[in-house]
Structure formats: C-alpha cells, structure tokens
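# Per-entry structural report
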Amino acid sequence: MTPLPEWLRPGFAPGAAAPRRRRGSLRPLRRALAALEAVLSMLVSDSRDDRRTGLLRNADPRAKLLAGVVLIVAATLLHGLATLGLCLALAVGLAAAGRVRPVRIAAVLGASLALTTLVMAPATLDVVTPGAPVLTVARPGGGSLGPFRLPATVAVTGAGLAVAARMLLRTSACVTLALVLAATSRPQELLTGLRALGVPQAFVMVLTMTERYLAVLLRAAQELHLARLARSIGGIGVRREEAWAAAGIGAVFRRTRTLADAVTLAMIARGFTGEVRLLRPPRWRRLDWLVVTAAALAAVALVAADRGLA
Amino acid sequence: MHIPDGYLGPQTYLPAWGVMAPVWSWASARLKRTLRRRQLPMMALAAAFTFVVMMFNVPLPGGTSGHAVGSVLVAVLLGPWVAVVAVSVALAVQALLFGDGGITALAANCLTMAVIMPFAGWWTYGLLAGRAGSTPRRRALAAGIGGYVGVNAAALATGVLLGIQPLIAHDASGRPLYCPFGLAVAVPAMALPHLLAIGFVEAAVTGLGLAYLMRTEPDIPIAATPGPGNRPLRRLAATVAVLALLAPLGLIAAARLGAGTAWGEWSAGELSALAGRLPAGFGRLSSLWRAPLPDYGPPGAEASPMASQALWYGVSAALGIAAIVAVVLALRRLLAGKDSDDAAP
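Residues numbered from 1 in each chain as written. Chains lettered and ligands numbered in written order. Predicted model: local features only at pLDDT ≥ 70, side-chain atom pairs only at ≥ 80, totals over all residues.

## Details of the overall build of chain A
Helix and strand counts for chain A come out as 9 helices and 4 strands. Listed N to C, the secondary structure of chain A is α-α-α-α-β-β-β-β-α-α-α-α-α in terms of helices and strands. By residue count, 38% of the 310 residues in chain A fall in the buried class. Residue pairs in contact within chain A that sit at least 24 positions apart in sequence constitute 80% of those at least 6 positions apart. (Helix = DSSP H or I, 4+ residues; strand = E, 2+ residues; numbered from the N terminus. Buried ≥ 20, exposed ≤ 12 C-beta atoms within 10 Å, placed from the backbone. Contact = placed C-beta atoms within 7 Å.)

Structural data, given as structure tokens:
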C-alpha cells in the first residue's frame, strides 16, 4: 500500500528536521525549510534576551558595537592561554550579566567548540605541529604509499595541543562576544550603530533596508519550499532537484526586481531624491561612554598582561 | 568559506580592510553614476537576494547537499559592481546578526566572496557567452562555467589567506599563532571540495537560474551580455600584450639586484648545491618531464647575454598566452557547436 505523504500525516511540522529512517531525497528541502524558519523567527521576533533586566539593556547600540569590536580585536591579539582563558571568562561573564539565556550561550559555544575541535584535530598531530609526543595514536610503520612516505608513528604533541587550545579559546571568546552584541540589541539598532565605526551613511541605509526586506524574500523562499514539500511524495532525482532549486532562486530574483521597483516608486512618492538621510541618532550618555571606556581598558589590560606573561 | 574570527592575524585582516575600503568606495561611486535613484532599494534587495540564495540547499550526487554563494549569478544579472556591494552587505548581515563569519575577518571574506568570486565568474561568462545574439543555452552554460570558476577562485584565495598564517605569524619557537595549517594543507583542503563538489552546486545554481529567468522572462536585462559597442576582448588583449612586454623587467631587476632563484623554485642542480645533497625522490621525479623551453628559453640560454634572455622571456610569454588563448578558443568552439545544435529544427 502506498504510504501517505509526510504533509498529510498527523503532527506534520514543515520545518522539523528530517527523520533519519526516511530516504534522503527530501532532506535538503526540509533542512532548508528549518534554516529558513530559524532565520525568519529571529528576524521577525524581538530576539533581545535582556528586555527587562541586564547590564547592557540601557546602553546605546553604537556604544555596545564599538565596545564589542574593541574586545574582539583584543581577543585576536592575545596569544597566551591564560589571557585567552581570561578573555573567554570575561565574554561569558558579560553574556551572563547581559541576561543572555544560558541555553543560547551553551548552543553558540557548543557549536563553536565542536567545529573548531574538528578543524583543529589534525593540528595536534606531529605531522602538522612537530614537538614532544604526548600520545601515540597510530603506527603506520614507515615505508611508502605510492609517492607518499609514511611516518613510523603518528603522535599527539604538546606543541600541537597548545596550538589547538589557543585557537579554541580565541574563537570561543570571539563568538561569545559577538553573541553578546546580537542578543542584547535589535538587528535594526545594531546595523544603525555601524555609523559609530565610520561606515558611510549610504552603506548603513542599504544594510538597514536589507534587514527590513530580507524577511519578505525569506518568506517567499519559505512559501516556495512549502509548496514543493506539500506536492511531494518522494524524491525526484538529483538533477530535477537541482533544476527546482535553480528555478526557485530565479523566482526569488523576479520577486526581488519587482519589490525593488515598488520600493523605489514608494520612496520617490515620499520625496526621495537619491540623497541618503538617516534619523539623527541620540546623544551619547554617561553610561555609553562608561561602556566604551570599560571595554577599551579591559582590552588594553588583557593585551598588556598577554605581552607581560609572554 | 566564511572565515571566523581568530583564524586570521592582524597582519592579514588589517591589510584586507585596507584593500576593501577603496573597493567599496569605488563600487558605490560607480553605482551612483549608473543606478541613480534606484541604487539604494536595488542594492538592499540584491543583498537580501544573495542572503536567500545561500539558504537554498542543493542536492549533490551521493546523498549530500550544499549551498551556493550566488555572487556570480548576481554579477551576471546585475553587474559585478552591484555584486561587490550586495554580497558585502549580505556578509555583514550574516556576521553581525547571525555570527556566520567573523567581524575582524569580514573584509577578508568580502575580498574572496564579494570581489574575487563575482569578477572571476563575470569575466569567464563574458569570455564564453559571446555577443548579445548568442543562444540562451550558450549563455546558461557560460554562466554555469562562470559560477564554477568563480567559487573555485574564491576557495583558492581563502586557502591562501589561511595558509599564509603560519608563515607570517608565529612565536619564537616557530609555532603558529593563528590558523596552524600551511599552504600545503590549507589550499588543497579548500580547493578539493570546491573542485569536486561545491563548484558544481554553484555552477548548477548560476547556469540553471539564468536559464530559468531567460525562459520565463525573455526580455530580462542581463548585465554581463556584451553589447554591440563593447569590445572587452580587445581591451583584454591590449592589457595582456602590455604585460607580456613588461615581463622581462622582473628578470632584469633580479639580475641587477643579484637575487638568486625564487625560493622553492630550485632546479635539481641548484638544490643539490644549496642543501649539499639531492633527495632521492626529487632526483627521480625532476627528470620525468623535459620542458621544451626550460626557464623560459632554449636549453643553455641562461648563459647568454641579458638582452637575449629578455627576448626569450618575451617570446615565452607570447607562446604561453597563445597556448591559453588556443584552449579558450577551443572551448568557445565547443560551446558554439552546441548552439548550432539548438538552432536545428
């Protein structure tokens, strides 16, 4: 008997991850739907974690952005494991003080740690980072494999572990600092705050408009995926799937052009002459200066300690 | 391909910002002249479109899937300078709001995905697509090849940016401070997946996407289609000819400054003299192929006067260019053959 299509079964959730037992033909579609829903929900809902309480809730996004960039740059200048650990602790502390949800911190840190560990694993071996062996992991026994000469043993080295630990701590600190920025500011505010870093007005306006219309195009892409899923029982083969994806992208491009024309006409109707004007940002308050000064002092202290310890 | 924070040292990301600042300034000034009042909404929507393109999962043979960048498609449809701004804005939104790609590495990511990729793809498309009258199939094929070339050029550039980190940033004991993988690891690690899999996703999205648009909207303006007045090949030929004439300058300057052979480009004899011994594998493999013009001249030319060596250098440049042009023309002929098949009833 032919089984019911997925979308007719009770409890069907379009964006849910594809079940493992099913054949993989619809998995790219469902994976894309899940990603689209995640991005859309972040864009259309207020993603701030610190609406009521939190250390940074009253700080101007420009000050937060400036402070965040200063600390991230400082993190890229640190080399000692102790100072990098201190920087990570500071970043996690800021996230906690800013009332970023622990689940969100754990998810971002976990993903960053998993990915960096995977990428850095070969760097711990003596074939990439020579040094004193700590643990022998394989014994190829020498000899050669075609044109390649095999080593007698492959071992994890102390130097390799130090290199990998440095990269793990640095990327984790940077990712956590970026999370503090994203989780304690509205997207629109964060992009407008780029003016404080000297980004030209036109670029800031394009960025804010992109953020505004991104949801519209993402919704169009989501509808395309849902329509395709609702009409699918099984896979249609890789070539036709690729053709469908390309046609979907073409359809989104047509929507892009139509929307751009409509937005242009609407802007012209409201007096747009091509000159970029943004709302005058509010004056910096004492708290904003305090945030930036504290970040700068922390950055200088971390770099000085790192150089001193080195 | 998005490089996160922490993988590139300031020795790399600061120059990347230095390179991108004038590129962004030039791109926005150029667009201000061409797009006028439509510039801002079109830029914003093109950036949003690029972002959405990256959300489409495209299946690959073998059960896996990948996503395209879309830079080349935007370059072909709207022009490469629109692609520079649109992809840069999309990357900035990804880095700031979604943590995809680093904030310090943003300029480096823009250099690879918003400059190198769209221009490599756009030039390839312009070279293979022919004039405005060429058939949709030829243009879609050219766009697909442009997508493949573009994404591979970007992957190669990313591999180089990561691979030079151990060379330019290491501690006193020689241990790398940033990405620990040298060029020998980083370049193949980036290039191979793109050459074997991801490049085909980009090619499919770019070629089939353009084909869909040409079929459903036959009058759609395509930025990269050369008009009857444009002569991009003539300009390219003039630039290449000037570069070929200037090629011997490097040889003359090296001789004047007393510089030896470039590091790592030694012949078996030079390596043997430098190291005191010749590795067995090197000796065996170095005699596998005898080039017709070794060191850009006939055998023994290195002992001849500098003027003669410079002349041979120029001749070698001309021969090399001729060989590349022959390959490209053969490819064009191949694609043109497909055109005539289309035209048949």
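On we go.
## Let's talk about the overall build of chain B
Within chain B, the regular secondary structure consists of 13 helices and 2 strands. Per-residue burial over chain B gives 43% buried out of 345 residues. Contacts in chain B between residues far apart in sequence, at least 24 positions, make up 73% of those at least 6 positions apart.

## Quick word on the packing of helix H4 (residues 80-98) of chain B against helix H5 (residues 106-129) of chain B
All names here are of chain B. Across the interface, H4 lies against H5 with an axial gap of 9 Å and an inter-helix angle of 150 degrees. When the axes of H4 and H5 are compared, the pair comes out roughly antiparallel. By crossing handedness, the relation of H4 to H5 is classed as right-handed. Together, Pro80, Ala83, Val84, Val87, Ser88, Leu91, Ala92 and Ala95 of H4 and Leu106, Asn109, Cys110, Met113, Ala114, Val115, Pro118, Phe119 and Trp122 of H5 make up the contact between the two elements. Broken down by class, the residue content of the contact of H4 with H5 amounts to 15 nonpolar, 2 polar and no charged. (Axes fitted to C-alpha atoms, helices over the stretch in contact; angles between N-to-C directions. Parallel < 35°, antiparallel > 145°, perpendicular 65-115°, else oblique. Left-handed = near helix turned anticlockwise from the far one by under 90°. Nonpolar A, V, L, I, M, F, W, Y, C, P; charged D, E, K, R; others polar.)

## Considerations on the confidence of the model for chain B
Residues and elements named next belong to chain B. Summing up the model confidence of chain B, the mean pLDDT is 79 and the portion of residues at 70 or higher is 83%. Taken as a whole, residues 340-345 scores under 50 in pLDDT and shows 2 contacts with residues more than four places along the chain or in a different chain. Model confidence for the complex: the whole-complex pTM is 0.75, and ipTM, which rates the interface, is 0.80. (pLDDT = per-residue confidence, 0-100.)

## Here we look at unusual backbone geometry
Residues and elements named next belong to chain A. Even without being a glycine, arginine 99 presents a positive backbone phi close to 60 degrees. You can see arginine 99 is positioned in the loop between helix H3 (81-97) and helix H4 (102-120). Taking the C-beta count within 10 Å as the criterion, arginine 99 has 19 such neighbours and is therefore assigned partly exposed.

## Side note on the pairing of strand E1 (residues 133-138) of chain A
Residues and elements named next belong to chain A. When you tally the buried positions in E1, you get 0 out of 6 residues, a small fraction of the element. In this sheet, strand E4 (residues 154-157) lies alongside E1 in antiparallel orientation, the contact comprising 4 bridges. Directly across from threonine 136, in E4, lies its bridge partner alanine 155. (Pairing = 2+ DSSP bridges.)

## Structural notes on the interface of chain B and chain A
The interface is formed by 55 residues belonging to chain B together with 64 residues belonging to chain A. At the level of elements, helix H1 (10-35), helix H2 (39-53), strand E1 (57-59), H4 and helix H8 (183-216) of chain B are the ones that each hand at least two residues to the side of chain B that touches chain A. No other element matches the 13 residues that H2(B) contributes to the side of chain B that touches chain A. The residue inventory of the side of chain B that touches chain A, partitioned by class, reads 38 nonpolar, 10 polar and 7 charged.

## Some remarks on the nonpolar core
Among the nonpolar cores identified, the biggest contains 169 residues, and Ala86(B) and Val205(B) are the most heavily contacted of them. No other element matches the 16 residues that helix H5 (residues 158-183) of chain A contributes to this core. Those residues within four positions of Val205(B) in sequence are excluded, and the remaining contacts are Ala245(A), Ala246(A), Ile249(A), Val53(B), Val58(B), Ala68(B), Gly70(B), Leu73(B) and Gly147(B). (Core = buried A, V, L, I, M, F, W, Y, C linked by C-beta atoms within 7 Å.)

## A closer look at the environment of Lys64(A)
Residue and element names in this part refer to chain A. Here lysine 64 lies in helix H2 (residues 61-77). Distance in space between the C-alpha atoms of lysine 64 and glycine 193 is 8.5 Å, their sequence separation being 129 residues. Among all residues touching lysine 64, those that are not within four sequence positions of it are Leu56, Ala59, Leu181, Thr184, Ser185 and Val291.

## Observations concerning the confidence of the model for chain A
With 83% of its residues at a pLDDT of 70 or more, chain A has an overall mean of 80. Confidence drops under a pLDDT of 50 for residues 17-24 of chain A, and excluding neighbours within four residues, the segment shows 8 contacts in the predicted structure.

## Description of the packing of helix H6 (residues 136-163) of chain B against H8(B)
All names here are of chain B. Running from amino to carboxyl end, H6 crosses H8 at an angle of 155 degrees, the nearest separation of the two axes being 7 Å. Judged on the interaxial angle alone, H8 and H6 are roughly antiparallel. The hand of the H6/H8 crossing is right-handed.

## Overview of the environment of Ala153(B)
Residue and element names in this part refer to chain B. Relative to the assigned elements, alanine 153 resides in helix H6. Take alanine 153: there are 21 C-beta atoms within 10 Å of it, and that puts it in the buried class. Between the C-alpha atom of alanine 153 and that of alanine 120, which follows or precedes it by 33 residues, the distance is 6.9 Å. In this structure alanine 153 touches Ile116, Met117 and Ala120, once residues within four positions along its chain are discounted.

## Considering helix H8 (residues 238-269) of chain A
Compared with an ideal rise of 1.5 Å per residue, which puts 32 residues at 46 Å, H8(A) spans 46 Å between its outermost C-alpha atoms and is within 8% of the ideal. Gly271(A), located one to two residues past H8(A), shows a positive phi value of around 95 degrees. (Expected span 1.5 Å × (residues − 1).)

## Observations regarding H4(A)
Residues and elements named next belong to chain A. Look at H4: 26 Å from first C-alpha to last across 19 residues, which is about the 27 Å you get at 1.5 Å a residue. Within H4, the full set of buried residues consists of Val108, Ser112, Thr116 and Met120. End-on, the buried residues of H4 take up no more than an arc of 80 degrees, which puts them together on one face. The exposed residues of H4 that point more than 90 degrees off its buried face are Pro102, Val103, Ala106, Ala107, Gly110, Ala111, Ala114 and Leu118. For H4, the elements touching its buried residues are H5. (Arc of directions from axis to C-beta.)

## Concerning the environment of Arg137(B)
Tracing the sequence through the fold places Arg137(B) in helix H6. The spacing of Arg137(B) and Gly320(B) is 183 residues in sequence and 31 Å in space, taken between C-alpha atoms.

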